[in-house]
Amino acid sequence: MKSGVRMPTQTRDPRAAPDRPLETEYRPRVAIDARRAIAYQQRGAHDPSHTVHEGIIWRVSRTPEGVATLAIRVERDRVRGAAWGPGADWALQQLPRLCGAADDPDGFEADRHPLIADVHRRHPALRIGRTDLVFDALVSAIFEQKVTGLQAFGAWRMILTWCGERAPGPTPRPMFAPPADWRLIPSWTWHRAGLEPPQAKTIVSAAARRTSIERAAASATDGDARDRVFTSLPGVGVWTSAETRIRAFGDADAVSVGDYHLCHQVGYALTGRRVDDDGMCALLEPWRGHRQRVIRLIGLSGAVEPRRGPRLAPEDHRGR
């Protein structure tokens with residue numbers, strides 16, 4: 001070996017070798033796009049709780065029974081799952097809903113607009129998945145309030161890596177579940193992660209009512225009732241509520257009113273021009289009950305408004 005050449009340092013996972021996983025197999029009765037349904041739950045390319053490696057989707061969750069690591073292989077006519085950790089059984093039982101099994105497209109009339117009809121014809125297996133993890137969905141939505149995705153995903157990655165729990169199982173890289181108690185995160189850690197103080201305060205305040213929030217949201221009978229639950233919390237508005245409904249409950253009708261880009265995207269796709277939130281809601285009204293489905297189809301359509309200026313520059317409050 002030539003002198004001066006340094007060999008790479010070998011790293012070793014300090015955890016004990018993982019036990020054999022629990023396994024399951026889900027065979028949908030109709031074709032569903034499980035991979036796309038699951039991918040919606042990823043919070044950025046470097047999400048420490050969600051990654052894809054060599055065709056396998058890896059997810060880490062804090063389930064009602066404890067942390068679980070779930071490895072998912074989506075095949076042509078089945079979805080295979082393996083899980084580790086105390087929440088493994090819960091994660092495997094929930095897997096079909098994560099893939100979109102609870103989403104019912106009956107009654108959806110795609111032919112109300114030629115663009116929607118065309119995209120639906122090309123993506124008939126589109127489904128909206130759900131995690132059934134209310135509080136973690138709420139927290140991830142709060143992270144994304146009034147900031148760019150780059151800022152929100154970066155803060156999410158840092159908080160989970162620093163304050164979360166290391167995932168069980170043979171994950172392809174170190175992965176982490178959300179913290180057990182968000183109230184224990186020190187103020188300087190939020191600041192170091194780059195999360196704005198109002199968002200951090202909202203998360204800590206909501207964490208004090210976590211059990212009642214989860215119970216009330218689970219017992220609510222429709223989206224409007226869940227909106228009332230979530231928007232009763234200080235710092236949570238209609239956008240955050242809608243995002244929580246989509247992620248946790250797979251709400252096919254939720255519309256994230258107040259999103260910086262969404263109304264422009266919907267208006268341009270359906271009319272060729274920008275509209276505001278009221279205009280977006282009017283355009284989507286004929287599809288009430290399936291408005292989120294229409295938004296997903298618009299996202300797949302490729303109908304993107306030409307950019308008129310530079311991207312919004314993120315503001316970093318840590319230097320103040």
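As the structure is a prediction and not an experimental result, all values here were calculated from the model.

1. Regarding the packing of aromatic side chains
For any pair of aromatic rings, the description consists of the separation of the ring centres together with the inter-plane angle of the planes.
Point 1. What the rule picks out here adds up to six aromatic pairs.
Point 2. Arranged with centres 6.1 Å apart and planes meeting at 65°, the rings of F143 and W182 form a pair that is edge-to-face. Taken together, the residues span a long stretch of sequence, with F143 in helix α4 (residues 134–143) and W182 in the loop between β7 (176–177) and α6 (187–193) at a distance of 39 residues.
Point 3. Given the relative accessible area of 2%, F143 is considered buried.
Point 4. We classify W182 as buried; its relative accessible area is 0%.
Point 5. Put simply, the rings of F143, W156, W182 and W190 pair up and form one aromatic cluster.
Point 6. The aromatic ring of F108 is capped on one face by R293, whose charged end is 5.9 Å from the ring centroid.
Point 7. A cation sits over an aromatic face here: R296 above Y40, 3.7 Å from the ring centre.

2. A short note on the packing of α4 against helix α5 (residues 149–163)
Point 1. Running from N to C, α4 and α5 point in directions that differ by 130°, and their axes come no closer than 8 Å. The angle between α4 and α5 falls in the class oblique. Between α4 and α5, the residues in contact are D136, V139, S140 and F143 and A152, A155, W156 and I159, respectively.
Point 2. Among the residues forming the contact of α4 with α5, the class breakdown is six nonpolar, one polar and one charged.

3. Digging into the confidence of the model for the chain
Point 1. For the chain, the mean per-residue pLDDT works out to 92, and 91% of the residues sit at or above 70.
Point 2. Under a pLDDT of 50 for its full length, residues 1–11 has, in the predicted model, one contact with residues more than four places off or in other chains.

4. Observations regarding helix α7 (residues 197–207)
Point 1. Three or more residues of α7 are buried, namely Q199, A200, T202, I203, A206 and A207. Projection of α7 onto a plane perpendicular to its axis shows the buried side chains occupying an angular sector of 160°, all on one side.
Point 2. Buried residues along α7 sit against α4, α6 and α8 (210–219).

5. Considering the sheet that holds strand β4 (residues 66–74)
Point 1. Taken together, the five strands give an open sheet; going across it, the order is β1-β5-β4-β3-β2, and neighbouring strands pair in antiparallel fashion. Every other strand in the sheet has two partners, leaving β1 (22–26) and β2 (50–53) as the edge strands with one partner each. Neighbour-to-neighbour, the strand axes of the sheet open up by a mean angle of 20°, direction not taken into account.
Point 2. Bridging between β2 and strand β3 (residues 56–63) involves four bridges; their strand directions are antiparallel. In the strand pairing of β3, H53 is matched with I56.

6. Here we look at the nonpolar core
Point 1. Of all hydrophobic cores here, the largest spans 28 residues; its most connected members are F135, L138, F143, W182, W190, I203 and F230.
Point 2. Residue assignment for this core shows that the elements contributing at least two residues are α4, α5, α6, α7, α8, α9 (223–231) and α10 (238–249).
Point 3. At seven residues, α4 tops the list of elements feeding residues into this core.
Point 4. Counting residues in each nonpolar core, the second largest holds 20 residues, with I116, V119, I298 and A303 among its members.

Scoring rules and cut-offs
- Residues numbered from 1 in each chain as written.
- Predicted model: local features only at pLDDT ≥ 70, side-chain atom pairs only at ≥ 80, totals over all residues.
- Heavy atoms only, no water.
- Phe/Tyr/Trp six-rings, centres within 6.5 Å; stacked < 30°, edge-to-face > 60°.
- Helix = DSSP H or I, 4+ residues; strand = E, 2+ residues; numbered from the N terminus.
- Buried < 20%, exposed > 50% of the residue type's maximum accessible area, 1.4 Å probe, protein only.
- Lys NZ or Arg CZ within 6 Å of the ring centre and 35° of its normal.
- Axes fitted to C-alpha atoms, helices over the stretch in contact; angles between N-to-C directions.
- Parallel < 35°, antiparallel > 145°, perpendicular 65-115°, else oblique.
- Contact = heavy atoms within 4.5 Å.
- Nonpolar A, V, L, I, M, F, W, Y, C, P; charged D, E, K, R; others polar.
- pLDDT = per-residue confidence, 0-100.
- Arc of directions from axis to C-beta.
- Pairing = 2+ DSSP bridges.
- Core = buried A, V, L, I, M, F, W, Y, C linked by side-chain atoms within 4.5 Å.

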